Amino acid sequence: MSESPKQTLPVLTGNNLLISIILNIGITAAQVVGGLVSGSLSLLSDALHNFSDVLSLIVSFIATKLSKQKASVDKTFGYKRAEILAAFINAFTLIIVAILLIIEAVKRFKVPEVIGSDLVIWLSILGIVANGLSVLLLKKDAKHNINMRSAYLHLLTDMLASVAVLIGGLLMKYFEWYWIDSVLTFLIALYLIWVGFDLLKTSTKMLMLFTPEAINLEDVVTTVNSLAKVRMLHHVHIWHLSDTEVHLEAHLDLEEDITTSEFNVLLSQIESLLYQEFSINHITIQPEYKKEDPKEIIVQD
């Protein structure tokens, strides 16, 4: 396997995740107590969401640590796909939590209860501050890593949920609109499903080794076929090994029976071209000359 120059990305240490875990444990405990005392379903739903975030952040933290472990003879890729798996788990939990919230919101909407709004207001402010800090801690890493992005989305939705709970608390305090608690819970749950589904779809495609959405496979083939001495690129597979590693595996049918050193020159051209044009940074190519085998771009083995 040949490896092209890698993109320079920030080193993920997991320290910011650990701080976020500690903050969310504190928020969850406070909101559970506050929700039970005040009788606020939206506060309890926010606490449940926060608790799911604690679990998700722990999964992300473990995945971050695992992804840094070196490859071995029985784990030739190491744990590089751990972060994709963590993102999948986090997205799935977002959707499950949202469904549970919707069920509870419908039940409570039919029978509204008087809610201690003062406690709801102060605890929602606490949630906004703590989750806002966590969001800022992870924002930079979220741009480069799907695992961090899943954790970031959990925390961002938590912060937005706390804003909604604060608005609900104010409406209940000054207008006694206790039904708003259930409505806000329902809206928070819908938002969770929306962000969770998108992340679930992305991580599922990576786990299934689908061609990355940003890459047109036919354009890749056309680009390689335009090079001198190349007859046809076929048997092509392109996939994400991790969020930052895109692999290509293919057979290369040659116009001439070239030497190994000549092929090395051609391979370097292919590596440079595919990295610049498509950000493919790991390439494995099987050279062929007049070999009798299927020549389709995609061949089902």
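As a starting point, this report considers the structure included with it. (Residues numbered from 1 in each chain as written. Predicted model: local features only at pLDDT ≥ 70, side-chain atom pairs only at ≥ 80, totals over all residues. Heavy atoms only, no water.)

## Some thoughts on helix H6 (residues 180-207)
- When the terminal C-alpha atoms of H6 are compared, their 40 Å separation across 28 residues agrees well with the 40 Å that a helix rising 1.5 Å per residue should span.
- Following H6 by one or two positions, leucine 209 adopts a phi angle in the positive range, close to 60 degrees. (Helix = DSSP H or I, 4+ residues; strand = E, 2+ residues; numbered from the N terminus. Expected span 1.5 Å × (residues − 1).)

## Overview of the side chain of histidine 235
- Residue placement: histidine 235 occurs in strand S2 (residues 230-240).
- A polar side-chain atom of histidine 235 sits 3.1 Å from a polar atom in the side chain of histidine 234.
- Here the side chain of histidine 235 touches proline 294 through a polar contact of 3.5 Å, landing on its backbone oxygen. (Polar contact = N/O pair within 3.5 Å; in protein donor to acceptor, adjacent residues only side chain to side chain.)

## Looking at the packing of aromatic side chains
- In total, this model carries three aromatic pairs according to the counting rule given.
- Aromatic side chains phenylalanine 175 and tryptophan 177 sit 5.1 Å apart centroid to centroid with 35 degrees between the ring planes, which places their arrangement in the tilted category.
- You can call phenylalanine 175 exposed: its relative accessible area is 51%.
- The class for tryptophan 177 is partly exposed, based on a relative accessible area of 35%.
- Seen in terms of ring centroids, tyrosine 191 and tryptophan 194 are 5.8 Å apart; in terms of plane orientation they differ by 45 degrees. Their pairing is tilted. Of this pair, tyrosine 191 and tryptophan 194 both sit in helix H6, three residues apart, which is roughly one turn of the helix.
- Taking the relative accessible area as the measure of exposure, tyrosine 191 reaches 27% and is therefore partly exposed. (Phe/Tyr/Trp six-rings, centres within 6.5 Å; stacked < 30°, edge-to-face > 60°. Buried < 20%, exposed > 50% of the residue type's maximum accessible area, 1.4 Å probe, protein only.)

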